[in-house]
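# Report on the structure
Next come the chains, spelled out residue by residue.
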Amino acid sequence: MRQSVDSGQVNGIQGERPDRYRWIALSNTTLSMTMATIDASIVIVAMPAIFRGIGLNPLTPGNVTYLLWMIIGYLLVQSVLVVTLGRLGDMFGRVKIYNLGFVVFTLASIALSLDPLTGTHGAMWLIGWRFGQAFGGAMLMANSAAILTDAFPANKRGMALGVNQIAGISGQFVGLLLGGLLAAVNWRLVFWVNVPIGLFGTVWAYKSLREIATTKRAKIDWVGNVMFALGLGSLLVAITYGIRPYGSHATGWMNPLIIAGLIGGTVMLIAFCVFETKIAEPMFQMGLFKIRAFAAGNAASLLGSIARGGLQFMLVIWLAGIWLPLHGYDFTVTPLWAGIYMLPLTAGFLIAGPISGTLSDRYGPRLFATSGLLLAAVCFAGLMLLPVDFSYWVFALLIFGNGVGSGLFASPNTSAIMSAVPASQRGSASGMRSTFQNSGMSLSIGIFFSLMIAGLASTLPKTLSKGLIAQGVPASVANHVSHLPPVSTVFASLLGYNPVQNLLAPYGVLAKLPADKVALLTGRQFFPSLIEAPFHHGLVIVFTAAAIMAVTGALVSLLRGKQFYYDDKDAPAVILAPVHHKKRITPNGHALTPRTGHAPAVADDSPSVTRRDPASPRSGGSG
């Protein structure tokens with residue numbers, strides 16, 4: 001075991017870390033989080049340019065798999081790996097794993113930008129190196145929050161983690177705008193842009209960051225790591241492939257392979273949880289979930305991520321597929337302008353996050369986290385009530401409110417989670433927090449897309465067939481096109497392809513129709529006006545589900561209890577459940593007698609929060 005400078009010591013040679021190092025750690029980790037999360041979304045708007053660059057049509061039925069993996073694969077890899085990489089940070093040094101993440105991310109970005117292949121081979125090159133990029137991003141994400149928690153005292157963590165967390169979340173929306181701008185010049189710039197940032201961040205991290213936390217070498221839990229990866233990977237891949245049609249079904253939820261993936265993944269994760277409680281040095285200390293602040297914070301994060309995760313896709317489809325064409329924008333530029341028109345959402349994140357984090361340091365996280373999710377739910381309800389062809393200022397106000405709500409929630413929730421665990425477990429705890437957040441986003445994309453597609457499938461065929469026939473399209477073609485699974489139409493809107501042109505191109509119909517009919521069918525008004533009512537039906541389903549998730553997350557957040565800090569300085573153990581003063585339990589689940597351990601004090605420097613001993617039955621370890 002290697003000891004390090006403790007934040008509780010007095011100033012001096014062995015004293016408290018200087019303020020300067022705190023801000024270096026905050027600025028470097030904020031840079032890495034922004035870079036990593038921008039890349040989760042930067043390819044979405046740039047996808048048409050990327051696939052044109054490698055000579056592949058992503059909307060051809062056989063190529064939809066490549067499209068899905070380009071969009072979803074990055075998040076899936078990160079979700080599966082962050083806990084393992086956080087645990088390795090606890091064992092071998094958080095800064096060491098974090099710095100290596102910068103190197104891996106930068107090298108993968110170079111490889112992506114140099115793709116020498118075309119067609120399906122070019123797509124496989126991109127997908128493979130996106131996995132590498134996600135591996136580096138997972139190293140950064142798993143350890144950045146732990147590094148900040150080590151560097152900042154308890155009564156300053158909310159602000160620091162708020163800045164870091166909001167930079168990460170807003171990066172997902174900045175990526176949409178940046179992808180459109182760079183792809184308009186050259187698709188390779190979408191990946192090249194990371195290279196100078198990655199090189200700068202790597203050099204800066206290696207020169208400035210240092211290990212300041214205690215590390216403890218342990219055996220790597222290979223069985224637990226494999227079980228977790230297989231279980232979560234199977235579950236998330238099955239949900240992702242549920243978007244694809246199966247047979248005569250609009251979605252893939254009746255596919256036996258997907259059902260097997262869902263059941264098998266769930267069973268494997270349950271087996272993982274049981275296995276981790278039976279070994280001496282597990283990948284993750286399941287006993288941490290007995291800490292109410294940790295468990296409730298992660299559950300609320302999962303529900304909030306599910307509510308928020310698919311929002312950017314729904315808004316891009318809404319804006320790019322309907323609203324922007326109706327207001328005179330060509331389909332080819334609608335994804336870029338969708339990113340621009342969604343800037344109020346990003347602004348809400350950026351404004352509310354640091355403020356909420358700072359205030360939660362003083363008044364505790366529960367009020368801000370809970371009210372943030374409730375505000376997001378109200379805004380989801382408002383979006384659901386908007387007409388499809390809305391007044392922009394109302395739309396902007398609602399998405400700004402949604403951003404504010406998410407910002408209010410994210411900062412104090414992250415701070416509460418990270419402060420509730422012992423210092424020796426912060427890396428794996430940060431990884432688990434990131435897993436819940438990323439998995440929620442992946443779940444959200446799969447669920448929201450499936451709900452949207454199911455909603456369209458119930459109303460779109462009749463509307464589309466009738467509209468095409470009215471413009472001279474043969475009834476046989478119109479009926480066949482209208483009964484195709486809506487997934488291609490949804491992706492076409494998301495990526496800036498002309499939907500009607502994409503649907504009719506394989507049949508050669510447009511070449512046989514009069515020029516005025518072709519101009520009308522492929523113009524900016526026909527498809528948006530046609531799909532307006534069916535799409536609104538799907539939106540109501542999606543935003544209703546999002547509002548329910550947000551309200552449920554708010555209720556869970558309310559149950560977290562008052563602010564609780566695990567003071568690692570003097571306490572070898574933490575009470576993980578109400579034990580009536582008789583038994584104390586370590587994160588491993590081992591009982592301690594009063595002779596071998598003692599409960600930690602609440603390390604709260606704020607005068608507004610009562611100092612309490614969590615040994616009392618009332619606090620139960622969660623405050």
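Refer to the structure above for everything that follows.
Read on for a plain summary of the structure. These numbers come from a predicted model, not from an experiment.

### Digging into the overall build of the protein
Within the protein one finds 21 helices and two strands. In the protein, which comprises 623 residues, the proportion classed as buried is 61%. Long-range pairs, those at least 24 residues apart, make up 81% of the contacts in the protein between residues at least 6 apart in sequence.

### Notes on the pattern of salt bridges
Enumeration over the complete set of coordinates arrives at four salt bridges. We note a salt bridge from Arg-426 to Asp-150, for which the minimum N-O separation is 2.7 Å. Of this pair, Arg-426 sits in helix α16 (residues 426–470) while Asp-150 sits in helix α4 (residues 119–151), placing them 276 residues apart in sequence. Salt bridges sharing common partners tie together Asp-90, Arg-94, Asp-150 and Arg-426.

### Here we look at the environment of Ala-550
Relative to the helices and strands, Ala-550 resides in helix α21 (residues 526–558). A relative accessible area of 1% means that Ala-550 is categorised as buried. With sequence-adjacent residues up to four places away left out, Ala-550 is seen in contact with Ala-307, Leu-373 and Ala-377.

### Here's the deal with the nonpolar core
Counting 134 residues, the largest nonpolar core has Phe-294, Trp-318, Phe-449, Leu-468, Phe-491 and Leu-494 as its most contacted members. If we skip the residues at most four places from it in the chain, Trp-318 touches Trp-323, Leu-383, Leu-386, Pro-387, Val-388, Phe-390, Phe-395, Phe-535, Leu-539 and Phe-543. Counting residues in hydrophobic clusters, the runner-up holds 30 residues, among them Ala-145, Ala-146, Ile-147 and Ile-212.

### Observations regarding helix α13 (residues 343–363)
Residues spaced three or four apart along an α-helix point in a common direction, a consequence of the helix completing one turn every 3.6 residues. Taking 1.5 Å as the rise per residue, α13 with 21 residues should run 30 Å; its terminal C-alpha atoms sit 30 Å apart, in good agreement. In the structure, α13 departs most strongly from a straight axis at Ala-352, where the bend amounts to approximately 25° and where the proline Pro-354 lies between one and four residues downstream. Within the span of α13, buried status applies to Pro-344, Leu-345, Thr-346, Gly-348, Phe-349, Ala-352, Gly-353, Ser-356, Gly-357, Ser-360 and Asp-361. Buried residues in α13 make contact with α5 (157–183), α10 (292–309), α11 (311–326), α12 (334–341), α14 (366–385) and α15 (392–419). Directly after α13, the chain includes Gly-364, whose backbone phi takes a positive value near 95°.

### Here we look at the packing of α13 against α15
Viewed as axis vectors pointing N to C, α13 and α15 meet at an angle of 35°, and their least axial separation amounts to 6 Å. Handedness of the α13/α15 crossing: right-handed. Of the residues contributing to the contact of α13 with α15, the split by class is 14 nonpolar, 11 polar and one charged.

### Description of the packing of aromatic side chains
Taken as a whole and judged by the stated rule, the model has 25 aromatic pairs. With a centroid separation of 5.6 Å and 50° between ring planes, the pair formed by Phe-284 and Phe-289 is classed as tilted. Overall, the relative accessible area of 26% leaves Phe-289 in the partly exposed class. Taken together, Trp-318, Trp-323, Tyr-329, Trp-337, Tyr-341, Phe-380, Phe-390, Tyr-392, Phe-395 and Phe-543 form an aromatic cluster joined through their ring pairs. Over the face of the ring belonging to Tyr-21 we find Arg-210, whose NZ or CZ atom lies 4.2 Å from the ring centre.

Thresholds, definitions, all that
Residues numbered from 1 in each chain as written. Predicted model: local features only at pLDDT ≥ 70, side-chain atom pairs only at ≥ 80, totals over all residues. Heavy atoms only, no water. Helix = DSSP H or I, 4+ residues; strand = E, 2+ residues; numbered from the N terminus. Buried < 20%, exposed > 50% of the residue type's maximum accessible area, 1.4 Å probe, protein only. Contact = heavy atoms within 4.5 Å. Salt bridge = Lys/Arg side-chain N within 4 Å of Asp/Glu carboxyl O. Core = buried A, V, L, I, M, F, W, Y, C linked by side-chain atoms within 4.5 Å. Expected span 1.5 Å × (residues − 1). Bend = angle between axes of the 7 residues up to and from the residue. Axes fitted to C-alpha atoms, helices over the stretch in contact; angles between N-to-C directions. Left-handed = near helix turned anticlockwise from the far one by under 90°. Nonpolar A, V, L, I, M, F, W, Y, C, P; charged D, E, K, R; others polar. Phe/Tyr/Trp six-rings, centres within 6.5 Å; stacked < 30°, edge-to-face > 60°. Lys NZ or Arg CZ within 6 Å of the ring centre and 35° of its normal.

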